[in-house]
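# Understanding the architecture of this molecule
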Amino acid sequence: MSLYFAERYTYPFADPDNLARVMQYAASVSQDSVELKHEVCTFLKEYVPSSSSGPVIDPHEVLAEFPIQTFLTTNYDDLMMRALRHARTCHKEPTSRTSTWWDATADEFAIDEPSDLQPLIYHLHGHWDDPASLVLTEDDYLTYLVNLVEARASGAGLSLPATVLAAMTARPLLFVGYSLQDWNFRVLFHGLIRSMPINRRRRHVSVQLMPDLNTSMADADTRAQEYLERYLDGWSISIFIGSTQEFFGELRRRI
């Protein structure tokens, strides 16, 4: 998606794969960030993935088979909802809710306690049925992070429903397909995970994509992996370095 909008808006910089920066530029060109978000939602709803030569594992379908009660997602789509509704092991009736991140003073609505058969999908960064709710540009990410910090500083805690906050603080978390360089991960990590009291942190797992490496350095891969392990282990996060396909392929083999 990033490359598509970089070309569409003639993005002039050397990092067209940086979605937040591309969208920040596109918003400045279009002069209407909400219309841009409508455009993004239309693109995502009409997008057809290219065919693959080999078998593809759908992470949503794999996760839908587990007795998970709360799904926190930074995706804008309905893929997790669809996977849960079509879970093979049992009939599930998921509920979807979207964050009101743009309004630091908003009171988050009450959410019924989720269960294995009635799980909650909470869209942290907006949903494509409400384009204005998308966390898309760099300004959006900064606003999201500032509002979280201000809510915590005011004594109100994180501006999240109690049900979501309980899931984040009392249960292990699985981060899928992020890189330390991603805005999604940076906001989640610095705005949410690092704000948890140490005595409440569980052991988490992150499926990490390896950042771009210095190819002129012979041991760049080893050094990068060691750094990632040290950095995240300090926050009780174990890492699996690889793609979502590799992770869920290994998960299926182990179960």
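Structure first, text after, so check above.
Residues numbered from 1 in each chain as written. Predicted model: local features only at pLDDT ≥ 70, side-chain atom pairs only at ≥ 80, totals over all residues. Heavy atoms only, no water.

## With respect to unusual backbone geometry
The general pattern is negative phi for most residues beyond glycine and trans for most peptide bonds. Although it is not a glycine, threonine 10 adopts a positive phi angle of roughly 50°. Positionally, threonine 10 belongs in the loop between helix H1 (2-8) and helix H2 (19-30). Phi is positive for glutamine 31, which is not a glycine, with a value near 65°. Note on placement: glutamine 31 falls in the loop between H2 and helix H3 (33-46). Residue classification places glutamine 31 among the exposed positions, given a relative accessible area of 66%. (Helix = DSSP H or I, 4+ residues; strand = E, 2+ residues; numbered from the N terminus. Buried < 20%, exposed > 50% of the residue type's maximum accessible area, 1.4 Å probe, protein only.)

## Focus: the packing of H2 against H3
Where H2 meets H3, the closest approach of the two axes is 8 Å, and the angle between their N-to-C directions is 125°. Classified by the angle between their axes, H2 and H3 sit oblique to one another. Here H2 runs over H3; the crossing is right-handed. Touching Met23, Ala26, Ala27 and Ser30 of H2 are Ser33, Leu36 and Val40, all from H3. Tallied by class, the residues present in the contact of H2 with H3 amount to 5 nonpolar, 2 polar and no charged. (Axes fitted to C-alpha atoms, helices over the stretch in contact; angles between N-to-C directions. Parallel < 35°, antiparallel > 145°, perpendicular 65-115°, else oblique. Left-handed = near helix turned anticlockwise from the far one by under 90°. Contact = heavy atoms within 4.5 Å. Nonpolar A, V, L, I, M, F, W, Y, C, P; charged D, E, K, R; others polar.)

## A look at the sheet that holds strand E6 (residues 237-241)
Hydrogen bonding along the main chain pairs the strands of a sheet, whether they run parallel or antiparallel. Pairing is parallel across the open sheet formed by 3 strands, whose spatial order is E4-E5-E6. Looking along the sheet, the strands with just one partner apiece sit at the ends: strand E4 (174-178) and E6. Adjacent strand axes in the sheet meet at a mean angle of 20°, parallel and antiparallel pairs treated alike. Bridge count for E4 against strand E5 (residues 204-208) is 3 bridges, and the pairing is parallel. In the sheet register, phenylalanine 175 faces E5, and the bridge partner there is serine 206. Contacts from helix H9 (residues 220-233) reach E5 and E6, with the element oriented near 155° to E6. (Pairing = 2+ DSSP bridges.)

## Some thoughts on the nonpolar core
Residues Phe5, Leu36, Tyr122, Leu136, Tyr141, Tyr144 and Phe175 are the most contacted members of the largest nonpolar core, which totals 39 residues. Those residues in contact with tyrosine 144 that sit more than four places away from it in its chain are Ser99, Trp101, Leu124, His125, Val135 and Val187. In terms of nonpolar packing, the next biggest core, distinct from the first, is built from 14 residues, Val62, Ala83, Leu84 and Ala87 among them. (Core = buried A, V, L, I, M, F, W, Y, C linked by side-chain atoms within 4.5 Å.)

## Regarding the sheet that holds strand E1 (residues 70-73)
Judged by pairing direction, the sheet is parallel, and its 3 strands sit side by side in the order E1-E3-E2 without closing on themselves. In the strand order of this sheet, the two ends are held by E1 and strand E2 (95-98), each with one partner. Taken pair by pair, the neighbouring strands of this sheet meet at an average axis angle of 20°, ignoring direction. Where E2 lies against strand E3 (residues 120-123), 4 bridges are found, and the strand directions are parallel. Each residue of the ladder has a partner; that of serine 96, found in E3, is isoleucine 121.

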